[in-house]
Amino acid sequence: MHSINKGLFGTLLIIFVNLNLTVLAQSSKFNKWFNHQTLRINLIHSGSSKTEHYSVHSYQRIALWSGSTNYLLDTSGYGDIHFEVLDSASQTPIYLRGFDNMFYEWQQTEQAQTEQRSFEEVIRFPFPKKSVQIMIYRRISLKKKVLLHSFFLNPRSVEIELASQSTYANVAFGQLSSESKAVDVVVLPDGYTQSEMPKFIKDSERMISFLLSTPPFDSLREYFNFRMVLAPSVESGTDIPGKGIWKNTLLDSHFNSLGSDRYLTTQSIFKMHDMAQAVPYDQVYVLVNSPTYGGGGIYNYYNLSSVDDSLSPWVFIHEFGHGFAGLADEYEDDEISYSTLYSSAEEPWRPNITNLADSTAKWQNMADSTLGVPSEEIDENRQKIGFYEGGGYVSKGIYRPYISCEMRSLQSGFCPVCQKAIRQMIVWSTQ
Ligand SMILES: [Zn+2]
């Protein structure tokens, strides 16, 4: 008994020492390349259905870095855009992240065939100590990406503006964990007046509580920090251009995005980050003070939803599935004009849909091997993981893992494959 204990202690000690060395090696990497501050680059992404172009709008230095100091090079492969930061002198990759954007959704519309438009995008990474090269790639598929733009930046450049201190107050939701070890979610109000700030806090708490009672988030509370920024708009509500309703709000949110009545978005990405900077943040959630059903979530870009429809809490968690975990919509929609988003020749990077182009399908090891492909949509398969045809806006050629899921129809809860993807994202984000 005694020797077993001793042996066990020895093993534990070795693991402990190894872990400690890894953490030390990682944090010394962080300290070698970065300060504990943030470099924010405001970008303009413009073009038509067939062209695209990036240009730098401005640079900002922010007093705090709230992201991980260990996980510098993202290994997920998620995001239609990847940005990579290299140390200029040695060409060593020192930071990598991915995100999606509104421009690629717009590129699929009919308007993009004949017109040009531009969209704001923001990239943020820890403030570099030496000159860096920033590379921006477009991801074509799980295995292919192309370089769109690259530029150099000297951290001592006088063009980097020091961000001014926010004047907005903020309120935390419950107990906070250490910023570098948690997913910091900032909740921003749009269309709440000064006298409606108590309503904003109540709405935020209602949405966050609902998220934290939904699997898998219900067992992952300690990995999240939520902070609400109290930023009042002049007018209450939001724009509904299709009905001729226009409101003066801080983040210019509006319905009728890309021709869809229920698609609620904002194009004011720079203003959104200005407001978010009142607190440490990794994810942005905008709550729009409206009783009309709608929302939008774009991976590592933003999450946004209205608050006073009876389904709003479900929309809230659905959009967070997109914005935080990069989940695809699992529904079919012939009305959606960007139905060519997933080409059948290349496997999409999203974890919860597949076109079977890659033989090592994402959830193969979780699937019930007795179900065929496509799996039959019958009642007895309701709790079985398979390959059900239809998802990613199309009815043929794309497969989803479960008959129903929160990413397909609201009020279903997240399917086991989406739950696993969310857990994985938390592991990546909080190490
Ligand atoms: Zn799912």
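Remember, it's a predicted structure, so these values are computed and weren't measured experimentally.

Undergrad: Any details on the environment of arginine 156? Residues and values, ideally.
TA: Here arginine 156 lies in the loop between strand S7 (145–153) and strand S8 (160–162). Arginine 156 gets classed as exposed once you look at its relative accessible area, which sits at 62%. Here the alpha-carbon distance between arginine 156 and tyrosine 331, two residues 175 residues apart in the chain, equals 48 Å.

Undergrad: Break down the nonpolar core for me, citing the residues and quoting the values.
TA: Grouped together as the largest cluster of nonpolar side chains are 55 residues, with contacts concentrated most on Ile41, Phe125, Ile134 and Leu188. Once you skip the residues sitting within four places of it in the chain, isoleucine 134 turns out to touch Ile41, Glu84, Val85, Ile123, Phe125, His149, Ser150, Phe151 and Leu153. Within the second largest apolar cluster, 49 residues are counted, among which are Leu230, Phe320, Ala361 and Ile426.

Undergrad: Let's hear about the environment of isoleucine 140: which residues, and what values?
TA: Tracing the backbone through its elements, the reader meets isoleucine 140 in the loop between strand S6 (132–139) and S7. Remark: the alpha-carbon pair of isoleucine 140 and glutamine 113, spanning 27 residues in sequence, is separated by 20 Å. Setting aside residues no more than four positions away along its own chain, isoleucine 140 makes contact with Lys145 and Val146.

Undergrad: Please set out the coordination of the zinc ion residue by residue, giving values where relevant.
TA: Looking at the zinc ion, the protein donor atoms are Glu330 (OE), Cys405 (SG), Cys415 (SG) and Cys418 (SG), and they sit 2.0 to 2.4 Å from it. Note that the zinc ion binds four donor atoms; their angles at the metal cover 93 to 133°, and the shape is tetrahedral. Within one chain, the residues donating to the zinc ion are spaced in sequence as E-x74-C-x9-C-x2-C. Of this pair, glutamate 330 sits in the loop between helix H6 (312–325) and strand S15 (388–391) while cysteine 418 sits in helix H7 (residues 416–430), and the two are 88 residues apart along the sequence. Neither residue differs from the other here; glutamate 330 and cysteine 418 are each classed as buried.

Undergrad: Describe the pairing of strand S14 (residues 302–306), with residues and values.
TA: Looking down a regular strand, the side chains alternate between one sheet face and the other. For S14, the tally of buried residues reaches five of five residues, placing the bulk of the element in the interior. Bridge analysis of strand S12 (residues 283–288) against S14 gives four bridges, and the strand direction is parallel. Pairing of tyrosine 285 across the sheet is with asparagine 303, part of S14. Pairing of strand S13 (residues 295–298) with S14 involves four bridges; the strand directions are antiparallel. Along S14, the bridge assignment pairs glycine 295 with serine 305.

Undergrad: How would you explain the domain arrangement of the protein if you had to name every residue and give the values?
TA: Domain annotation for the protein reports domain 1 (32–162), domain 2 (170–325) and domain 3 (330–345 + 352–411). Placing a centre on the C-alpha atoms of domain 1 and another on those of domain 2 gives a separation of 23 Å. Of the residues lining the interface, 29 residues belong to domain 1; the matching set on domain 2 comes to 24 residues. For the domain 1 and domain 2 pair, buried surface summed over both sides reaches about 2200 Å², with 56% attributable to carbon and sulfur atoms. On the domain 1 side of the contact with domain 2, Ser66, Met102 and Glu120 bury the most area, a combined 29% of that side's loss.

Undergrad: Run through the packing of aromatic side chains, naming residues and quoting values.
TA: Summed over all chains, the structure comprises 30 aromatic pairs. For the pair tyrosine 192 and phenylalanine 200, a centre-to-centre distance of 5.2 Å together with 65° between the ring planes defines the contact as edge-to-face. Taken individually, tyrosine 192 and phenylalanine 200 each receive the classification buried, so the pair is uniform in this respect. Here the basic side chain of arginine 124 rests over the ring of tyrosine 281, its NZ or CZ set 3.8 Å away from the ring centre.

Undergrad: Account for the pattern of salt bridges, with residues named and values stated.
TA: Inspection of every chain in the model, using the stated rule, returns 16 salt bridges. A salt bridge links glutamate 377 to arginine 400, with the shortest nitrogen-to-oxygen separation between them at 3.2 Å. Here glutamate 377 is found in the loop between H6 and S15, whereas its partner arginine 400 is found in strand S16 (residues 394–400), with 23 residues between them in sequence. For glutamate 377, a relative accessible area of 43% corresponds to the partly exposed category. Of the residues examined, arginine 400 reaches a relative accessible area of 0% and is grouped as buried. Linked through salt bridges whose partners overlap, the residues forming this network are Lys199, Asp203, Arg206 and Asp308.

Undergrad: Explain the side chain of arginine 138 to me, and be specific about the residues and the numbers.
TA: Along the polypeptide, arginine 138 turns up in strand S6. Side chain to side chain, arginine 138 and glutamate 52 meet in a polar contact 2.6 Å long. Setting aside chain neighbours within four positions, we find arginine 138 in contact with Glu52, Asp80, Ile81, Tyr104, Gln107, Lys144, Lys145, Val146 and Leu148.

Undergrad: Give me the lowdown on the sheet that holds S8, citing residues and values where you can.
TA: Taken together, four strands build an open sheet; the order of strands is S5-S1-S2-S8 and the sheet is mixed. Two strands in the sheet have a free side with no partner beyond their single neighbour: strand S5 (117–128) and S8. In this sheet, adjacent strand axes meet at a mean angle of 25° when their direction is disregarded. Across ten bridges, strand S1 (residues 34–47) lies against strand S2 (residues 52–62) in antiparallel orientation.

The rules we used
Residues numbered from 1 in each chain as written. Predicted model: local features only at pLDDT ≥ 70, side-chain atom pairs only at ≥ 80, totals over all residues. Heavy atoms only, no water. Helix = DSSP H or I, 4+ residues; strand = E, 2+ residues; numbered from the N terminus. Buried < 20%, exposed > 50% of the residue type's maximum accessible area, 1.4 Å probe, protein only. Core = buried A, V, L, I, M, F, W, Y, C linked by side-chain atoms within 4.5 Å. Contact = heavy atoms within 4.5 Å. Donors = N, O, S within 2.8 Å, 3.2 Å for Na, K, Ca; no water. Tetrahedral: all angles 85-135°; square planar, octahedral: opposite > 155°, others 65-115°. Pairing = 2+ DSSP bridges. Domains from an automatic or database assignment. Buried area = accessible area lost by both parts, 1.4 Å probe. Phe/Tyr/Trp six-rings, centres within 6.5 Å; stacked < 30°, edge-to-face > 60°. Lys NZ or Arg CZ within 6 Å of the ring centre and 35° of its normal. Salt bridge = Lys/Arg side-chain N within 4 Å of Asp/Glu carboxyl O. Polar contact = N/O pair within 3.5 Å; in protein donor to acceptor, adjacent residues only side chain to side chain. Axes fitted to C-alpha atoms, helices over the stretch in contact; angles between N-to-C directions.

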